[in-house]
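Summary of the model geometry
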Amino acid sequence: MPRDTIFALSSGALPAGIAVVRVSGPGASEALDKLAEKHPEPRRAVSATLRWRGELLDRALILWLPGPGTATGEDIAELHLHGGRAVVAAVLVALGELPGLRMAEPGEFTRRAFSNGKLDLAQAEGLADLLAAETEAQRRQALRQAEGGLGKLVGGWRERLLGLAARVEAAIEFAEDEDDVPALAPADLAGITMLAADMEAALRQPPAERLRDGVRIVVAGPTNAGKSSLINILAGREAAISSPIAGTTRDLIEIPLSIADMPCLLIDSAGLREGGGQIEQIGMARARTAIDSADLILWLGPPDDCPDRERSILVRAKADLGKADVDTADVATSTITGEGLGALRDLLESRVRSLLPPADGIALNTRHRERISEAVEELTTAGGQGDMLFIAEHLRQARIALDRITGRAGVEDMLDALFGRFCIGK
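Residues numbered from 1 in each chain as written. Predicted model: local features only at pLDDT ≥ 70, side-chain atom pairs only at ≥ 80, totals over all residues. Heavy atoms only, no water.

Looking at helix α13 (residues 388-406)
- Across its 19 residues, α13 extends 28 Å between first and last C-alpha, which sits within 8% of the 27 Å expected from 1.5 Å per residue.
- Inspection of α13 places M388, I391, A392, H394, L395, A398, A401, L402, D403, I405 and T406 among the buried residues, and these make up the whole buried set.
- The elements touched by buried residues of α13 are α3 (108-115), α4 (121-132), α6 (149-173), α7 (186-203) and α12 (366-383).
- A positive phi of about 95° marks G407, the residue just after α13. (Helix = DSSP H or I, 4+ residues; strand = E, 2+ residues; numbered from the N terminus. Expected span 1.5 Å × (residues − 1). Buried < 20%, exposed > 50% of the residue type's maximum accessible area, 1.4 Å probe, protein only. Contact = heavy atoms within 4.5 Å.)

Notes on the packing of aromatic side chains
- Under the criterion given, the structure shown has zero aromatic pairs.
- Sitting above the plane of the F109 ring, R22 keeps its charged end 5.8 Å from the centroid. (Phe/Tyr/Trp six-rings, centres within 6.5 Å; stacked < 30°, edge-to-face > 60°. Lys NZ or Arg CZ within 6 Å of the ring centre and 35° of its normal.)

With respect to unusual backbone geometry
- Look at the link from L14 to P15: it is a cis peptide, with omega at -5°.
- Secondary-structure assignment places P15 in the loop between β1 (5-9) and β2 (18-24).
- That bond from G67 to P68 is cis: its omega, 5°, falls within 30 degrees of zero.
- For P68, the position within the fold is in the loop between β4 (55-65) and β5 (76-82).
- Despite not being glycine, R53 has its phi angle at roughly 55°, a positive value.
- Assignment of secondary structure puts R53 in the loop between β3 (46-52) and β4.
- With a relative accessible area of 66%, R53 lands in the exposed category.
- At A260, a residue that is not glycine, the phi angle is positive and equals roughly 50°.
- The partly exposed category is assigned to A260, whose relative accessible area is 40%.

Quick notes on the sheet that holds strand β12 (residues 331-332)
- With mixed pairing, the six strands of this open sheet are ordered in space as β8-β9-β7-β10-β11-β12. Two strands close off the open sheet at either side, each with one partner strand: β8 (253-259) and β12. (Pairing = 2+ DSSP bridges.)

Details of the pattern of salt bridges
- Within the structure shown, the criterion is met by 22 salt bridges.
- Of the charged contacts in the structure, one is a salt bridge between R102 and D4, with a shortest N-O distance of 2.9 Å. Of the two residues, R102 sits in strand β6 (residues 101-103) while D4 sits in the segment before β1, which places them 98 residues apart along the sequence.
- On the accessibility criterion, D4 (39% relative accessible area) is partly exposed.
- One salt bridge connects E41 with R44, and the closest N-O pair in it is separated by 3.9 Å. (Salt bridge = Lys/Arg side-chain N within 4 Å of Asp/Glu carboxyl O.)

Let's talk about the side chain of E108
- Looking at the secondary structure, you find E108 in helix α3.
- Residue E108 is classed as buried on the basis of its relative accessible area, which comes to 11%.
- There is a polar contact of 2.9 Å between the side chain of E108 and the backbone nitrogen of E105. (Polar contact = N/O pair within 3.5 Å; in protein donor to acceptor, adjacent residues only side chain to side chain.)

Overview of the pairing of strand β7 (residues 215-220)
- Of all six residues in β7, five are buried; the element is thus mostly enclosed.
- Judged from the five bridges that link them, β7 and strand β9 (residues 262-268) form a sheet pairing that is parallel. Within the sheet, the bridge partner assigned to R216 lies in β9 and is L265.
- Here β7 runs beside strand β10 (residues 296-299); their pairing, made up of four bridges, is parallel.

Topic: the pairing of β5
- Burial analysis of β5 places five of its seven residues in the buried class, the great majority of the element.
- Looking at chain direction, β4 and β5 are connected through five bridges and run antiparallel. Within β5, the position partnered with L63 by the bridge is E78.

Some words on the nonpolar core
- Within the largest apolar cluster, 31 residues are counted, with the highest numbers of intra-cluster contacts made by W157, M199, I372, L379, L395 and L402.
- Elements with a contribution of two residues or more to this core: α6, α7, α12 and α13.
- The residues touching L395, leaving out its near neighbours within four places in the chain, are L161, L164, A165, V168, I192, L379 and A382. (Core = buried A, V, L, I, M, F, W, Y, C linked by side-chain atoms within 4.5 Å.)

Focus on the sheet that holds β5
- The sheet built from six strands is open, its strands ordered β3-β4-β5-β2-β1-β6 with mixed pairing. Whereas interior strands pair on both sides, the edge strands pair on one side only; in this sheet they are β3 and β6. Taken pair by pair, the neighbouring strands of this sheet meet at an average axis angle of 30°, ignoring direction.
- Sheet topology note: the β1/β6 ladder contains three bridges and is parallel. The residue bridging T5 from the neighbouring strand is L101, located in β6.
- Contacts from helix α2 (residues 85-96) reach β1, β2, β3, β4, β5 and β6 within the one sheet, and its direction differs from that of β5 by about 150°.
- Its contacts with the sheet put α3 on β1, β2 and β6, and the angle it makes with β1 is roughly 135°. (Axes fitted to C-alpha atoms, helices over the stretch in contact; angles between N-to-C directions.)

With respect to the environment of L356
- Relative to the assigned elements, L356 resides in the loop between α11 (341-355) and α12.
- The exposure class of L356 is buried, given its relative accessible area of 5%.
- It is 7.7 Å that separates the C-alpha atoms of L356 and A208, two residues lying 148 residues apart in sequence.
- Each residue touching L356, except ones within four places of it in the same chain, is listed here: P206, R210, L211, V215, M262 and P263.

Focus: the packing of α12 against α13
- Contact geometry for α12 and α13: axes closest at 8 Å, N-to-C directions at 170°. Compared by their axis directions, α12 and α13 come out roughly antiparallel. Residue-level contacts link R367, H368, R371, I372, E374, A375, E378, L379, T381 and A382 of α12 to I391, H394, L395, Q397, A398, A401, L402, R404 and I405 of α13.
- Of the residues that constitute the contact of α12 with α13, the class distribution is ten nonpolar, four polar and five charged. (Parallel < 35°, antiparallel > 145°, perpendicular 65-115°, else oblique. Nonpolar A, V, L, I, M, F, W, Y, C, P; charged D, E, K, R; others polar.)

Interpretation note: all reported values are geometric properties and have no functional meaning in isolation.
This is how it looks when you write it as structure tokens:
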């Protein structure tokens, strides 16, 4: 049974200079015939008058893109309209009145592209990230994944795995009986070990979530340490209330910002001290929780009180008031004189860069990491087995784990959540 033909606005918010309405499915050609005065040649843009029930809708640029060589793998018609709300609304109403056509659901165009083999699951995730990208680093990484970077990496591992599995299964197949099955060849054992090591190296890279959600930088320390003043300087605006009164900050204040085109989330926290009222105690508890989950801590207190030296930059704030603890701090700053602020920004940039996936690498999200970890576990188990039948089974399970990354196997449970991230016409 043929699919419905779907349509939606696939360009940005209205009003706009140009609005693109996309129609995909078996009825796309007929939709053009019904609305336009002429049917263009394939992949050639032509100007046309759009009418419905005798009424002029718009004078538009139209394209006819016959499948399967299209983004969705289906026949596609594109209507490039004047980008007024009323114009687009009228065209969408007309399309909705054509038999067999309906408005697309969120992400349905991309879901059809996945179903028709035009992109794998990792590419679809990259496309969703690309649409949501706000910084240059996010754009570069999302584009790399949308163009198949992760698929190529996983595909290379899969080919190596298939080669190992083929040799194991051939040894089983051509043995006269179970007692004649040879042991795993040393070269194949080395191949399993090397493949697992390559996957583990990828797992050691910083996670993609830091690039998508931002590096969490918590500014922490005792009351009146200068945290809020420093936050405002780094944010470039009065984001937090700065006051000489101890305990002014009672809750977490989150400020998204970009450091050298790298996404960060700067978090001001309540000052830590003994005592304080009930509300301040709640604020300090939240501050400690934020410190525990931080990727990076700007610690403005005594160095000996720093909760985690490895994750911290020790800042001697209010350096204009004295030089105590300067020798044990990473940087001394003053929001009054500007001392050390450039050095702090340089240090922040260096540390943030080290916490993000490399610019030329592939960022793995939680789902990718879980599947790769499963594959590594199966390979490790296979390498420790003596029975070739068990080795073959563990290699098969490792392949299935890799196939779940690109959507070759077992991803039905997550498709709705993924494609729901797309806007209607994507």
